[in-house]
Amino acid sequence: MNKPLRVALVGVGTVGSGTVNVLNTNAAEIERRVGFPIRITAIADLNTERARELAGADVHISNDAFDVVKRDDVDVVVELIGGYTVAKQLVLAAIEAGKHVVTANKALLAVHGDEIFAAAQAKQVMVAFEAAVAGGIPVIKAIKEGLAANQIEYVAGIINGTCNFILSEMRDKGLPFGEVLAQAQALGYAEADPTFDIEGIDAAHKITLLSSMAFGIPVQFEKAYIEGITKLTRDDIQFAEQLGYRVKLLGIARKTAQGVELRVHPTLIPAKRLIANVEGVMNAVLVKANAVGPTLYYGAGAGSMPTASAVVADLIEIARACQAPLSSRVPVLAFQSQGIEAVDVLPVAQVVTAYYLRLAVDDKPGVLAEVTRLLADHHISIEAMIQRQATAEQETAEIVLLTHRCVEGDVNKAIEKIEALASVHGPLTRIRVEDLS
Ligand code: HSE
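Residues numbered from 1 in each chain as written. Predicted model: local features only at pLDDT ≥ 70, side-chain atom pairs only at ≥ 80, totals over all residues. Heavy atoms only, no water.

A.B. asks: Would you explain the domain arrangement of the protein in this entry?
C.D. replies: Accessible area lost during the coming together of the parts is what is often quoted as the interface size. Split by domain assignment, the protein resolves into domain 1 (5–128), domain 2 (139–300) and domain 3 (349–433). For domain 1 and domain 3, the distance between their C-alpha centres works out to 52 Å. (Domains from an automatic or database assignment.)

Put into structure tokens, the structure is as follows:
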């Protein structure tokens, strides 16, 4: 029988303790799958008492992460501390020491992934990060292996549970944004700094990683277009419902003839699409590929045990791959390193999509004609329209337009001119629309 795979856990918070739990609870089943055990031999955490409570008596406990990554009785380091700085040094130190790395740190990989993957390749060790995207959903494995026969056309995902929870509650209960955010924080869904969730940054980290694996391109987080959900109102969510749409924060990566679109923003999706019905903290990723067509992956995007499920799946993959020749390993970004192509990420002004536009206008003849004339001047065709009359409380009427697909740069120019009209009041609200058919 082979020797056990020996694991150092760095950080035993929510995901770390889940990882200990899954490895203990499912030890026999895991050994049946791998052929030998996976054992935790060291834990580093600032709270050594908590680490000791979780670990068996023979596990080395330290408050110094850099101490455990170099130990001889460690084959794999599981980095669960998060952040960019210490985590990066730690991951690079582990690689330098010849250890494989498992991490749930999407921020680190979206920003420094290329450097980390190159270091790992030089040292012939593996970096696995299923837990970094959509928690327990095995979407990375699906893209890297299950869909390996395909050319992927696009990936569109609800990949931030906090935002999905907020949008679901705003729609279902008619609650305002701020109130639901406070609930999400109390329930522990949001990141330590909730701006990462609500401003779309967390989703952008995740879609950046998915785009690299879908298209075989470097990680290019700095080129992603990112817009969060903080400006969405109950009115927009209700108007969207009236038009037959749901509003979701989507991460979108699409390959076009001109380059790759990489964007995160609130998006109207037809309510009848399966992905539009993903509610609460759940995540879902839709992948459209040329041979298989659309496939949808759904499940828990966060939480102790679901995320630990992904961490342990990576440990199992490493345990198996350690036994096989180097050439049989699945490449870290799904493509061989020499096959990674430096394809441009398109500026958002070149993106082609449809739009929801809401504007407050004087309720008098000719206003709508002025607005539609400006849209037509910029090659923007209207698909649907609703109007809410002025009332005793609100002097202006509200117009909501859905456009056909058009170029974002044209929409920007039209919006500028529409907002300058004397009969239009305040800034116009613009939300992108994706059909995902
Ligand atoms: N804060 C994240 C979310 C958790 O809300 O989806 C896991 O990335």
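A.B. asks: Mind showing me how you'd approach the nonpolar core here?
C.D. replies: Side chains that are nonpolar tend, in soluble globular proteins, to be buried together. Core analysis: the biggest nonpolar cluster contains 88 residues, and Phe129, Ile166 and Leu210 have the highest contact counts within it. In terms of residue count, the dominant contributor to this core is helix 11 (residues 201–215) (8 residues). Apart from the residues lying within four places of it in its own chain, the contact partners of Leu210 are Val133, Val139, Ile140, Ile143, Val155 and Val285. With 35 residues, the next largest nonpolar core counts Ile40, Val59, Ala310 and Ala321 among its residues. (Core = buried A, V, L, I, M, F, W, Y, C linked by side-chain atoms within 4.5 Å. Buried < 20%, exposed > 50% of the residue type's maximum accessible area, 1.4 Å probe, protein only. Helix = DSSP H or I, 4+ residues; strand = E, 2+ residues; numbered from the N terminus. Contact = heavy atoms within 4.5 Å.)

A.B. asks: Looking at this model, I keep getting lost on the layout of surface pockets. Mind explaining?
C.D. replies: Once rolled over the atoms, a probe with the size of a water molecule shows which space is left empty. Taken as a whole, the second largest pocket encloses approximately 700 Å³ of empty space. Lining the second largest pocket are 32 residues, and of these Gln121, Val330, Pro331, Val332 and Leu333 sit closest to its centre. Elements supplying a minimum of two residues to the lining of the second largest pocket: helix 6 (106–123), strand 6 (127–128), helix 7 (139–146) and helix 13 (304–321). Examining the composition of the lining of the second largest pocket, we find that 5 residues originate from one element, helix 6, more than from any other. (1 Å grid on protein atoms, 1.4 Å probe; cavity = no way out; pocket = protein on both sides within 12 Å on 5 of 7 lines; lining within 4 Å. Points joined across faces, edges and corners; volume = space filled by probe spheres on them.)

A.B. asks: Whenever I open this one, helix 11 confuses me. Can you help?
C.D. replies: In this model, helix 11 (15 residues) spans 21 Å end to end at C-alpha, consistent with the 21 Å of a helix rising 1.5 Å per residue. Extensive coverage of helix 11 is indicated by the burial of 14 of its 15 residues. The first or second residue beyond helix 11 is Gly216, which carries a positive phi of 65°. (Expected span 1.5 Å × (residues − 1).)

A.B. asks: It is not clear to me how the packing of aromatic side chains should be interpreted in this structure. Could you clarify?
C.D. replies: The geometry of an aromatic ring pair comes down to the distance between the two centres and the angle between the two planes. Within this structure, the stated rule accounts for 1 aromatic pair. Stacked on the ring of Tyr154, the Lys or Arg Arg254 has its end atom at 5.0 Å from the ring centre. (Phe/Tyr/Trp six-rings, centres within 6.5 Å; stacked < 30°, edge-to-face > 60°. Lys NZ or Arg CZ within 6 Å of the ring centre and 35° of its normal.)

A.B. asks: Sorry, what's going on with the environment of Gln338 here?
C.D. replies: Its location among the elements puts Gln338 in the loop between helix 13 and strand 13 (352–361). Given the relative accessible area of 68%, Gln338 is considered exposed. Residues Gln338 and Pro427, 89 residues apart in the sequence, show an inter-C-alpha distance of 48 Å.

A.B. asks: Could you clarify how one ought to interpret the pattern of salt bridges in this entry?
C.D. replies: Side-chain pairs of opposite charge can arise where the charged atoms are in close proximity. Inspection of every chain in the model, using the stated rule, returns 32 salt bridges. Among the salt bridges present, the one from Asp202 reaches Lys206, with a minimum N-O distance of 2.6 Å. Of the two residues, Asp202 and Lys206 are both situated in helix 11; the distance of 4 residues between them amounts to about one turn of the helix. Each of the two residues, Asp202 as well as Lys206, counts as buried. A salt bridge links Asp235 to Arg388; the nearest nitrogen and oxygen atoms lie 3.2 Å apart. With Asp235 in helix 12 (residues 234–242) and Arg388 in strand 14 (residues 382–388), the pair connects residues that are 153 residues apart, well separated along the chain. Among the residues examined, Asp235 registers a relative accessible area of 27% and is labelled partly exposed. Connected through shared salt-bridge partners, Arg171, Asp172, Glu241, Arg246, Lys248 and Glu279 make up one network. (Salt bridge = Lys/Arg side-chain N within 4 Å of Asp/Glu carboxyl O.)

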